[in-house]
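Examining the three-dimensional arrangement
Letter by letter, the chains look like this.
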Amino acid sequence: RLRPSSTVVGVHRGPWTGGGRAGTRDRSETILATAVAAASYTLVEHVPEIEDQRLSDLLQYWCTKRRGRAVPAFKDIDPIEIPSLLTYLWIHDYDPGSDRFRVRLMGEAVRSTYSGPVAGADVEELVTPAAYPVVAERYRTVLTMPAIGHGSGRIYGHTIGRVGGGERLYLPLADEEGRTRMILGATIYKLLDDPQDGPEATPALRPDTMSPVTVV
């Protein structure tokens, strides 16, 4: 068990593939390019520094479901047991054969940020072309390390092209055979009506952190 005050032990620099359509580069892609050039995520050796109490409750709930295992099983998770988070929760499945992520469940507050149906959708279809390589890399890290993913600041600006501030937590889950193939997440945010309101109104863009599950 590591102390919350532990220091950063390394920075993973993910590849930037220059995603997006040929000959185009919108504002969201510019934001993402800056982020990826800096770092896709930061590896830390401490529990995430969570600001929203609801996300802290989710982490505590996930920990109680571990029951001596590295990660809890999907079958042990019952969203009804965490009612304050129902509308913010999402669960994504990972298929190693196709190396794709798909939406299994998404609460209404998160679903409403997208323009169409999301149940069963490929995650790549829900985000901008530039964003997907980074999103997928973070998800794979959560599953393969395994790790606790945490992000705060600018939310959705580089994934769906709408800028807002908030906080996100994403956690690994095991399937019925004990393989870490699912992600339980929650995103709490507030979209800005006008992304051009000024720097004081626009949250900072920060790399997500990854905390190995051994720290909890």
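Nothing here was measured: the structure is a model prediction, and the numbers come from that model.

Considering the pattern of salt bridges
With the rule as written, the count across this model stands at 12 salt bridges. Across the pair R104 and D93 runs a salt bridge, and its minimum N-O distance is 2.9 Å. Of this pair, R104 sits in strand β4 (residues 100-106) while D93 sits in strand β3 (residues 89-95), and the two are 11 residues apart along the sequence. Here R140 makes a salt bridge to D99, at a shortest N to O gap of 2.9 Å. In this pair, R140 is assigned in helix α5 (residues 132-144) and D99 in the loop between β3 and β4, connecting sequence segments 41 residues apart. By relative accessible area, which is 28% here, R140 ends up partly exposed. By sharing partners, the salt bridges in this structure join R67, R69 and D76 into a single network.

Some details on the confidence of the model for the protein chain
Considering every residue of the protein chain, the mean pLDDT works out to 76; 69% of them sit at 70 or more. Across residues 1-38 the pLDDT falls below 50, and counting only partners more than four positions away or on other chains, this stretch makes 67 contacts in the model. Segment residues 194-202 is flagged for pLDDT under 50; beyond a separation of four residues in sequence, or across chains, it makes eight contacts in the model.

Some remarks on the environment of E45
Take E45: it is sitting in the loop between β2 (41-44) and α2 (53-64). Classification of E45 as partly exposed rests on a relative accessible area of 26%. Separated by 168 residues in sequence, E45 and V213 place their C-alpha atoms 9.5 Å apart.

Analysis parameters
- Residue numbers here run from 1 along each chain, matching the order of that chain's written sequence.
- Where totals are concerned, whole chains, interfaces and linings use all residues; where local detail is concerned, this predicted model gives features only for residues with pLDDT of at least 70, and gives and counts side-chain atom pairs only at 80 or more.
- Hydrogens are left out, water is left out, and the side-chain values use all remaining heavy atoms of the structure.
- Salt bridges are defined by distance alone: a side-chain nitrogen of Lys or Arg within 4 Å of a carboxyl oxygen of Asp or Glu.
- Strands here are runs of E lasting at least two residues and helices are runs of H or I lasting at least four, both read from the DSSP assignment and numbered beginning at the N terminus.
- Each residue is assigned to one of three classes by its accessible area relative to the maximum for its type, calculated with a 1.4 Å probe on protein chains only: buried under 20%, partly exposed between the two thresholds, exposed over 50%.
- For every residue, the pLDDT score states the predictor's confidence, bounded by 0 at the bottom and 100 at the top.
- Contacts between residues were defined by any pair of non-hydrogen atoms, one from each residue, lying within 4.5 Å.

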